[in-house]
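The lines below spell out each chain.
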Amino acid sequence: MITSILQRSHSAMAMCMVNNVKRSSFAGFLLFIVFSMVLTGRQTLHAQTYGLPLFTENFGTVPTGQDANNYRGEITGRGTIGNTFWFWPASCPAAGQRWLTLTTPTLEVSNDLTLPVSEQGITEWTFVQVTELLTGLPYNTGNINNPNNSWCLYEHKSGTTWSWTWSGPNTACPSTSTSIRNVSGVRWYNIYGTWKLGHWERYHLRYDAGTCTAWHNGMDDGGYALSTNPDYVHGLDGAWHVGPDHTPGDVNGMMLVVNAALIKGLFYKREITGLCYGAQFEYKSYYANVLKQSSCGGNGIDINIRYEIWDQDPGNDEANSGVAVGGYSVNGNGAKLLSQTNTGNIPESATLTWAATSLIFTVPQNQDKVFIILRNNGNGGCGNDLAIDDITFSPYIPFTVGYERIATDYCNTGLIRLKGTITSGSIPASIPYVFQWQEAIQGTTNWVNIGSPVTDFNNAYIDLNIGSIGNKIYRIISAASIGNFNNSNCYVASTSFSGNSIVLPTGSLSVTADVCGTAAYTPVAATFTVNYQGNIFPWTYFYKINGGATQSQVVNSPNVSNTKTIYITGNTTVSLVKISTSDCDVVINSDKLITYSIGNPGTPIQITGPNPACIGSEADFSVPEVQGAITYTWVVSGDWQIISGQGTRFARLKIGNTPITVTINTSNACGNNTWTSVQFLTTNLPPAAPTNITTPNGLCFPSITTPGSTDILFEVAEVPGTQNYIWEWDSPLIISPAQISGSGQYLQRIVLSVPNSVTSFNVRVKTQNGCGYSAIKEVSFATHRIPVCSISGANGPVCLSSLHSYSALDGMTAYTWSISGNGTLTGPSGGQTVSVTAGTNCNQSFLLSVTILNEFGCSSNCSTTVNVNDLIIPVLSGQGAASNISCPAIPAFTAPTAADACDAAPVISHTDATTAGLCAGTYTITRTWKATDACGNVSLPVSQAITVQDITLPVLSGQGAALTISCPAIPEFTAPTAAD
């Protein structure tokens, strides 16, 4: 049990009338945290980080059925109250009842309040004559009998009415007269005692010689009570506030109401155990000044409290109130002051106003307890009246541990990161804080660590797969050391992060199955609906109609689906392209077809299923796709039942005892059509055994040394009444990953992967229906090798129109030759050898291919490239020799002949060149010859030169005769002609 020690000091003070307000001084403590600072005075409570409270007290609520005003609750345990407080007489109801001053009174306490019987009555009182009230001098017999130190109680007449009146002290008692009677001197007493902390009782003083029976209803200095109504505790005089308490949500919640001692000093001490060494803790409470502003003439004494945390009990010496933080107690016992603060003066308020303060300290190493001490900084009097509520003592970390959701690209990766965040304050370098992530199942508190503690806060993060965090919560906790994680009082935790708050958004598309149109394809209304799976709003979907432009629609919370109406004039495809939120773009690419039906569907042509079918079994039946049909409705009779597949082409039926026909009803938006099958017989026998197992595509394998496997298709002939064909095979065969659609382990066809190194193996199959299965059919297979194809023949350049021979592998049962490009097969294409002509294109390549087939039906093919490239030049020969001629002979040239290995008729051409120097009497004419074939190849040039000599003189004739003329006549000459 945690023991509470409250101590009081006493003082002399002026007495007040019963009708006046008596107040004493007591201050609660305001716990206020802003980051890592400790503030004093009245403040608003800000964000804080706490662990689980090590100690908490909210003083509870009035039990059901009790009077909320009259009930006085119990705090906890029996506390020793070391207070000196004062009692005074209450006014008596009738004249003649006196308070006697010469004998020691006894204290009577009422037993009529709603308390357990075991707690009624208080008898542990000691009357102590400590000091005289006014002078502070020790009491003595003279003082006790001295009327100057007494109050006077007397009846006073006002008009015709008598009433009791008090006067004094230090006032002589008045003499009796016509207006004063029944004068008596009385005294106040200091009383020291113990009682049940939290009880407040009405009481009066009783003397041996007489009794005043009126109850004193107000709580005196040093009184404590748990109550919902401070004013009732004070005597219902309206001087104190009514309430309510501070605890949120309380109905008839109680508070500790205190009328503190008159002289300042230590009044509260508590030992707190179970602390975590090296960790920070906070002591916090809420308090209120219960005095109304109108009381005490508006001059009530303010509350002012000093809070102290010591590492051990410092004793009760008031001199300790002057010790600074880090100092030691004055009694020399080594107690160290760890922390302290003061509230400052807190005045009364218009309404009951709650405030808080705090005291934060670090627990010394290797220590698990401290002492909390409260001192009154001021003397009491009228005022200094207090209520306290919601006391807590908690581990404290001067920052708020939070988390930050980092989306990264979780839309693609599916991962998010939760990163530790300091949302306020800072991390003191002097304390080695550690951080640990934890997870728990939603709705539980069974926290499990994720990974190891982290000391570097920058690395305090975890990566989570969104697909695995549903129904889980996550948090980060922090403590001053790893060891403190083992004590829930020693760490603090962030608010939890719900894995359900992050869902990868996605969507699905549904459409109107079909609409009934017209032969003219008039527009008909159809609808499509997009359904959203996610928790982020708003969301947007993007869609296309018949592959057209992308359109979008925004959908707000809380809608998770959206339906649109469109008008179609034929079969229409609606495409849901993607879903978008503020976090993700998720590609969907879902296509749905809306069928534009014209007229009723066609008629089914057959219904397949086991025939005979085994009585009492379940068997699969199907119908081929029917043109125009959207839904297929199955109808059976007798004791046959439809198990599943209604509405589709495939149905599972429960076979009855008697043969029946099965009806299928096909329908679309325009109408329906019905067809009935032949009769399906029933049986109690399994089907017959399979007749054979075949390999429709052969058993052809590459070389035995080729790595890997070859897929082989196996097939068994249909056996009437069979539902399943159960296949088995030798190891190391396995079912092929490339299993052909429509065949498999329980159907007629199966694809097995056979290792190329296998030379023989066995495959088995048995037929089965609901009645059982037949004997097994086993077939042994030998592997056949694929022939190695090759082509031999000319592989260099070939001339145009030349005939060339090529050959394939010998010993095959079939050859199939083919050629591409400008080449021509000139011989038979089905033999081992083939002749090829190059064609007319001078520069080309063509592909010569052959497919060969061996006796096991295994084929292979190969090809060779034939390059046509005529690079041979023509050759000239037989041209004339060089010669000399004389003028007037004419030069005669002799043309050469041309020959070409690839071209029979090259074209011959020539050019002439004549030398200069005609005036010299001779010149040479050179004729150069060349030949060009059809592929543009040009021969080497050849030349013939003929030199012409000119040695003949020209002859003039016809010139004029000689004449004689006389001047001024002009002479005229006659020119001759020339010949050569």
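Everything below is about the structure printed above this text.
All of the points below concern the structure found in this document. (Residues numbered from 1 in each chain as written. Predicted model: local features only at pLDDT ≥ 70, side-chain atom pairs only at ≥ 80, totals over all residues. Heavy atoms only, no water.)

1. Here's the deal with the overall build of the protein chain
Part 1 of the reasoning: When helices and strands are tallied, the protein chain shows 3 helices and 72 strands.
Part 2 of the reasoning: Split by element, the accessible area of the protein chain, about 46,000 Å² in all, is 52% carbon and sulfur. (Helix = DSSP H or I, 4+ residues; strand = E, 2+ residues; numbered from the N terminus. Areas by Shrake-Rupley, 256 points an atom, 1.4 Å probe, with all protein chains shown as cover.)

2. Examining the pairing of strand β43 (residues 641-644)
Part 1 of the reasoning: Looking at chain direction, β43 and strand β44 (residues 650-654) are connected through 3 bridges and run antiparallel. Looking at β44, one finds that Gln641 is bridged to Lys654.
Part 2 of the reasoning: If you look at the hairpin formed by β43 and β44, you'll find 5 residues sitting between the two strands, and Gly645 has a positive phi there, around 90°. (Pairing = 2+ DSSP bridges.)

3. Some points on the state of the cysteines
Part 1 of the reasoning: Evaluated as defined, the whole model comprises 5 disulfides.
Part 2 of the reasoning: A sulfur-sulfur separation of 1.7 Å characterises the disulfide bridge that pairs Cys411 with Cys584. On the S-S bond that ties Cys411 to Cys584, the torsion sits near -85°, and the link is left-handed. Note that Cys411 is positioned in helix α3 (residues 410-413) and Cys584 in the loop between β38 (572-580) and β39 (585-597), a separation of 173 residues in sequence.
Part 3 of the reasoning: On the basis of relative accessible area, Cys411 is assigned to the partly exposed category, the value being 22%.
Part 4 of the reasoning: With a sulfur-sulfur separation of 1.6 Å, Cys614 is cross-linked through a disulfide to Cys771. Residues Cys614 and Cys771 are joined through a disulfide that is right-handed, its torsion about the S-S bond being 105°. Of the two residues, Cys614 sits in strand β40 (residues 613-614) while Cys771 sits in the loop between β54 (760-769) and β55 (772-773), which places them 157 residues apart along the sequence.
Part 5 of the reasoning: Classification of Cys771 by relative accessible area gives partly exposed; the value is 25%. (Disulfide = S-S within 2.5 Å. Buried < 20%, exposed > 50% of the residue type's maximum accessible area, 1.4 Å probe, protein only.)

4. Quick look at the sheet that holds strand β60 (residues 814-819)
Part 1 of the reasoning: Taking strand neighbours across the sheet as the criterion, the 3 strands line up as β60-β63-β64 in an open arrangement whose pairing is antiparallel. This sheet does not close on itself; its edge strands, each paired only once, are β60 and β64 (859-869). The average angle at which neighbouring strand axes cross in this sheet is 20°, direction not considered.
Part 2 of the reasoning: Summarising the sheet, strand β63 (residues 843-853) and β64 pair through 11 bridges and their orientation is antiparallel. Across the sheet, the residue bridging to Ile852 is Ser860, located in β64. (Axes fitted to C-alpha atoms, helices over the stretch in contact; angles between N-to-C directions.)

5. Regarding the nonpolar core
Part 1 of the reasoning: Grouped together as the largest cluster of nonpolar side chains are 76 residues, with contacts concentrated most on Phe361, Phe393, Ile416 and Tyr541.
Part 2 of the reasoning: Residue contributions to this core peak at 5 residues, all from strand β34 (residues 524-533).
Part 3 of the reasoning: Excluding anything up to four places from it in sequence, Phe393 contacts Pro53, Leu54, Phe55, Ile272, Leu275, Phe281, Glu282, Tyr283, Phe361 and Val370.
Part 4 of the reasoning: Within the second largest apolar cluster, 20 residues are counted, among which are Val716, Val719, Val765 and Phe781. (Core = buried A, V, L, I, M, F, W, Y, C linked by side-chain atoms within 4.5 Å. Contact = heavy atoms within 4.5 Å.)

6. Focus on the pattern of salt bridges
Part 1 of the reasoning: In total, this model carries 14 salt bridges according to the counting rule given.
Part 2 of the reasoning: Arg375 is the partner of Glu308 in a salt bridge, and the nearest nitrogen-oxygen pair spans 2.9 Å. Highlighted residues: Glu308 in strand β19 (residues 305-310) and Arg375 in strand β22 (residues 369-376), separated in sequence by 67 residues. Here Glu308 matches Arg375 in class, with each residue buried.
Part 3 of the reasoning: Each of Glu728, Asp730, Arg764, Lys766 and Glu778 takes part in one network of salt bridges that share partners. (Salt bridge = Lys/Arg side-chain N within 4 Å of Asp/Glu carboxyl O.)

7. A short note on the pairing of strand β42 (residues 631-635)
Part 1 of the reasoning: Only one face of β42 is buried: it carries Tyr632 and Trp634, and the other face, with Thr631, Thr633 and Val635, is open.
Part 2 of the reasoning: Here β42 pairs with strand β45 (residues 660-668) via 5 bridges, running antiparallel. For Thr633, the partnering residue across the bridge sits in β45 and is Asn665.

8. Considerations on the packing of aromatic side chains
Part 1 of the reasoning: For the structure shown, the criterion picks out 17 aromatic pairs.
Part 2 of the reasoning: Put simply, the rings of Phe528, Tyr532, Phe537, Trp539, Tyr541 and Tyr543 pair up and form one aromatic cluster.
Part 3 of the reasoning: If you follow Arg181 out to its NZ or CZ, it ends over the ring of Trp162, 4.0 Å from the centre. (Phe/Tyr/Trp six-rings, centres within 6.5 Å; stacked < 30°, edge-to-face > 60°. Lys NZ or Arg CZ within 6 Å of the ring centre and 35° of its normal.)

Note that all results are geometric; they support no functional claim without further evidence.
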